[in-house]
Amino acid sequence: MIPGPEHLVILPIVLPLLAGALLLFFNDQERVLKATVSIVTSIALLVISVMLIRVAHSDGTAENGRVVVYLLGNWPPPFAIVLVLDRLAAMMLLLTSVLAIPALIFSIGRWQKAGPHFHTLFLLLLMGLNGSFLTGDLFNLFVFFEVMLAASYGLVLHSSGPQRVRAGLHYIAINLAASLLFLIGVAMIYGVTGTLNMADLAVRIPRVSPESMMMLEAGAGILGIAFLIKAGMWPLAFWLPTTYTAAPAPVAAIMAIMSKVGVYVILRLSLLFFSEETVSAGFGTNALLLGGLATITFGAIGVLASQSLGRLAGFSVLVSSGTLLASLGLFEAGVTAGALLYLVSSTVAISAFFLLIELVERGQDQISNVLAVTVEAFGDEEVDEDFEEEVGVVIPGTLAILGISFGACALLLAGLPPLPGFVAKFVIIDAGMNPGGADGGSVISPSAWWLTAFLILSGLASLISMSRAGIRAFWAPVDAVVPRVLVTEILPIAALLVLTFAITVQAGPIMRFMQATADNLHDPRIYIESVIDAPRAVTPMRETTQ
Amino acid sequence: MELVLSIGIGVLVASGVWLLLRPRTYQVIIGLSLLGYAVNLFIFSMGRLKTNAAPVVQGVDVVDPANFADPIPQALVLTAIVIGFATTALFLVVLLAARGFTGTDHVDGREPER
């Protein structure tokens, strides 16, 4: 039987799982094979997610998009686990695969040799990410979160070393505690509503009796804390810059989207459970707004205070998370659309920045320490030789390319034209200043003013510290050592930055897509109806077996 | 029964949180384990407490759900136990690695200055 297009939905989960498991059968010395398999897998994921985004956006009625529901086990919904693909999920899948390919290509140069099972862990991380975006079941979300986190624990500790183990210890402890909070929240919501299906929950929550509402909201609050720890909201974010700085560069590049998984779940669940028709509409939006503004402040101060590039990038993750959370706190479809574009552009920018930092710092003689530790920990003579051989072609004009890339990252993070960081911030501010459409009429809320001020100030802080860091890295050194960089290491960064430029050029269609996505999120009826009314697959075998 | 269970969960959570906030890695891991047990019991209690009730509905007759235990929390607990066990084992390895690298079992990798 030829699988139909509807089976595409499960491929982003099954494909990396199979490829990752397959690679376990091979010795770690077979690096060419392993790298080829994982890069081919992630390119396949890219193709699949482009196809899925076309299904979700173009098919069906033009206005509402299409929600594809995949019944695992073919039980009638709301029973059993479902996978749901809508515009937002498809967008996140695409973003994941777009970040995965450059990170993998980058890792060919050096990092894949620095410890065992790099590609397997990486592919399982992709599986966890894709599963979290696709699942329509709250407990299944927990399982995919754990898959993602377990893989990320391994990747953060990849190539070992005291600094990494210390950061990893904190990271794992924090995330284990957060997982327990996740379980408590899920259990409380189940205790009140008796279901774990997200769409079914959205149907049942408006009908919850007032005396049980407190328990439900407490459950939702505890659940929210678990995701806010992942997203890095102040004061739950002190682990984040340290961990991201300590992680190997390609891992940090893909972990840029892990903090966005928390934002994604909050976006999905808060708008699904507490949409405008329910009793407790907009539950938690004030907390999101205030927490988001506090996170921007903390991140901006951190960015200004950072002495090293790694910490600068770590705190940029916080600024980006804070901006997203505060924008969601405004509870306005137009702002959400801008926030989605900001999510894409800032994630790509931070990912490229993490890759770039390693190359820039390679010229600053810090990397030799890391290398010494790495070899000592892994204890493999052959690995040592490979390092010497492969890392070391001086490309003419390397510094110029690195400098231009650094400048592009600065523009993206600070939100200056012509790159899409500016477009996204502009849309957020524009929508916040024009509540209820461009024809005006309604009053601008004070929170929109606050958000505008914080957005602009955080951009200024990023710009100041990025220019300072750039001057120190590229202009100030008198006898600058030109970092020895491989083509496979500079190309992924260039590709990511060219991609962001392409987003600006195609800003019109992309913004329409984001607007449609945000409208779907703020009016989740089509999502709910699609899941509840999902038709079961016909099983012709059933009669013969019985 | 409700009282006994809630006191049990409460004591486990209290000890778990206290241990989690202690500075030694071994205390942290025991604290996380205790919290894990408490959470598993809590999930179980969210399916309502019943004694001598089967979670599996048998037969095709019309059944009264009140006579049966809720099977979903039982399935959830099973999953949570497996995942909790695996992550705790992983954490144990990191703990040992940290001990080997830093020579101390303090969570920050160095003894606080006195």
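Residues numbered from 1 in each chain as written. Chains lettered and ligands numbered in written order. Predicted model: local features only at pLDDT ≥ 70, side-chain atom pairs only at ≥ 80, totals over all residues.

(A) Broad picture of the overall build of chain B. In terms of helices and strands, chain B carries 3 helices and 0 strands. Counting helices and strands in the order they occur from the N terminus, chain B gives α-α-α. In terms of overall size, chain B is more extended than a compact globule, its C-alpha atoms giving a radius of gyration of 20 Å where 114 residues would be expected to give roughly 13 Å. Looking at the 114 residues of chain B, the share that counts as buried comes to 27%. (Helix = DSSP H or I, 4+ residues; strand = E, 2+ residues; numbered from the N terminus. Rg over C-alpha atoms; globule rule 2.2 N^0.38 Å. Buried ≥ 20, exposed ≤ 12 C-beta atoms within 10 Å, placed from the backbone.)

(B) The arrangement of the interface of chain A and chain B in detail. Facing 22 residues of chain A, the contacting portion of chain B comprises 26 residues. Of all the secondary structure elements, the ones that give two or more residues to the side of chain A that touches chain B are helix H5 (138–156) and helix H6 (162–193) of chain A. In terms of residue count, H6 of chain A provides more of the side of chain A that touches chain B than any other element does, 16 residues in total. Class assignment for the residues of the side of chain A that touches chain B results in 18 nonpolar, 2 polar and 2 charged. (Contact = placed C-beta atoms within 7 Å. Nonpolar A, V, L, I, M, F, W, Y, C, P; charged D, E, K, R; others polar.)

(C) Seen up close, the environment of Ile526 of chain A. Tracing the backbone through its elements, the reader meets Ile526 of chain A in helix H22 (residues 525–532). In this structure, the C-alpha to C-alpha distance between Ile526 of chain A and Val67 of chain A, residues 459 residues apart in sequence, is 7.6 Å.

(D) Structural context of the nonpolar core. With 217 residues, the main nonpolar core has Leu85 and Leu356 of chain A as its most contacted residues. Residues in contact with Leu356 of chain A, not counting those within four places in the same chain, are Leu402, Ser405, Phe406, Cys409 and Ile493 of chain A. (Core = buried A, V, L, I, M, F, W, Y, C linked by C-beta atoms within 7 Å.)

(E) Representation of the packing of helix H8 (residues 210–231) of chain A against helix H11 (residues 258–273) of chain A within the structure. Residue and element names in this part refer to chain A. For the pair H8 and H11, the least separation of the axes is 7 Å and the interaxial angle reads 155 degrees. With respect to H11, the element H8 is oriented roughly antiparallel. Read as a crossing pair, H8 and H11 show a hand that is left-handed. For the pair H8 and H11, the contacting residues are Ala220, Gly224, Phe227, Leu228, Lys230 and Ala231 in the first and Met258, Ser259, Val261, Gly262, Val263, Val265, Ile266 and Phe273 in the second. Looking at side-chain class alone, the contact of H8 with H11 contains 10 nonpolar, 3 polar and 1 charged residues. (Axes fitted to C-alpha atoms, helices over the stretch in contact; angles between N-to-C directions. Parallel < 35°, antiparallel > 145°, perpendicular 65-115°, else oblique. Left-handed = near helix turned anticlockwise from the far one by under 90°.)

(F) Up close: the confidence of the model for chain B. Residue and element names in this part refer to chain B. Looking at chain B as a whole, the pLDDT averages 86, with 97% of positions reaching at least 70. Per-element confidence in chain B is highest for helix H1 (residues 2–20), whose mean pLDDT is 93, and lowest for helix H3 (residues 71–102), whose mean pLDDT is 88. ipTM for the predicted complex: 0.92, alongside a pTM of 0.88. (pLDDT = per-residue confidence, 0-100.)

(G) Main features of helix H4 (residues 118–134) of chain A. For H4 of chain A, which comprises 17 residues, the first-to-last C-alpha distance of 25 Å matches the rise-based estimate of 24 Å (1.5 Å per residue) to within 8%. For H4 of chain A, the tally of buried residues reaches 17 of 17 residues, placing the bulk of the element in the interior. (Expected span 1.5 Å × (residues − 1).)

(H) Summary view of the UniProt feature "transmembrane region" (unreviewed entry) in chain B. All names here are of chain B. Per the UniProt entry, the sites bearing "transmembrane region" (unreviewed entry) are residues 6–21, 28–47 and 75–98 in this numbering. Between the end C-alpha atoms of residues 28–47 the distance is 30 Å, and the span holds 90% helix and 0% strand. In the segment residues 75–98, helix accounts for 100% and strand for 0%; the C-alpha atoms at its two ends are 35 Å apart. (UniProt positions renumbered as here; feature names shortened; annotations may be inferred.)

(I) Layout of the packing of helix H9 (residues 239–246) of chain A against helix H13 (residues 309–329) of chain A. Residue and element names in this part refer to chain A. Viewed as axis vectors pointing N to C, H9 and H13 meet at an angle of 135 degrees, and their least axial separation amounts to 8 Å. By the angle between their axes, H9 is oblique relative to H13. Where H9 crosses over H13, the two elements pack in a sense that is right-handed. Counted together, Leu240, Pro241, Tyr244 and Thr245 of H9 and Gly310, Arg311, Ala313, Gly314, Phe315, Val317 and Leu318 of H13 form the full contact between these two elements. Its residues placed into classes, the contact of H9 with H13 shows 7 nonpolar, 3 polar and 1 charged.

(J) Layout of helix H21 (residues 507–522) of chain A. Residues and elements named next belong to chain A. A rise of 1.5 Å per residue sets the reference length of H21, with its 16 residues, at 22 Å; its end C-alpha atoms lie 22 Å apart and thus fit the reference within 8%. Every buried residue of H21 is accounted for by Ile510, Phe513, Met514, Thr517, Ala518, Asn520 and Leu521. Mapping the buried residues of H21 onto a view down its axis gives an arc of 160 degrees, with all of them on the same face. With respect to the buried face of H21, the exposed residues turned more than 90 degrees away are Gly508, Pro509 and Arg512. On its buried face, H21 is in contact with helix H2 (31–58), helix H3 (87–109), H11, helix H14 (333–362), helix H20 (487–505) and H22. (Arc of directions from axis to C-beta.)

(K) Region of interest: the environment of Met188 of chain A. Note that Met188 of chain A resides in helix H6. Once residues lying within four places of it in the same chain are set aside, the contact partners of Met188 of chain A are Met215, Ala218, Gly219 and Ile222 of chain A together with Met46 of chain B.

(L) View of the pairing of strand S1 (residues 68–71) of chain A. All names here are of chain A. Alternating positions in S1 separate into two faces, Val68 and Tyr70 on one and Val69 and Leu71 on the other, with burial throughout. Direction of pairing for S1 relative to strand S2 (residues 82–85): antiparallel, over a ladder of 4 bridges. Looking at S2, one finds that Val68 is bridged to Leu85. (Pairing = 2+ DSSP bridges.)

(M) How the structure looks around unusual backbone geometry. All names here are of chain A. Pro77 connects to Pro78 through a cis peptide bond whose omega is 10 degrees. Look at the link from Pro417 to Pro418: it is a cis peptide, with omega at 10 degrees. Structurally, the position occupied by Pro418 is in the loop between helix H17 (398–414) and helix H18 (420–433). Phi angles above zero are rare outside glycine, and Ala80 is one such case at about 60 degrees. Relative to the helices and strands, Ala80 is located in the loop between S1 and S2. Accessibility expressed as a C-beta count within 10 Å gives 14 for Ala80, which makes it partly exposed. The backbone of Phe331 sits at a positive phi, close to 60 degrees, despite the residue not being glycine. With respect to the helices and strands, the residue Phe331 is situated in the loop between H13 and H14.

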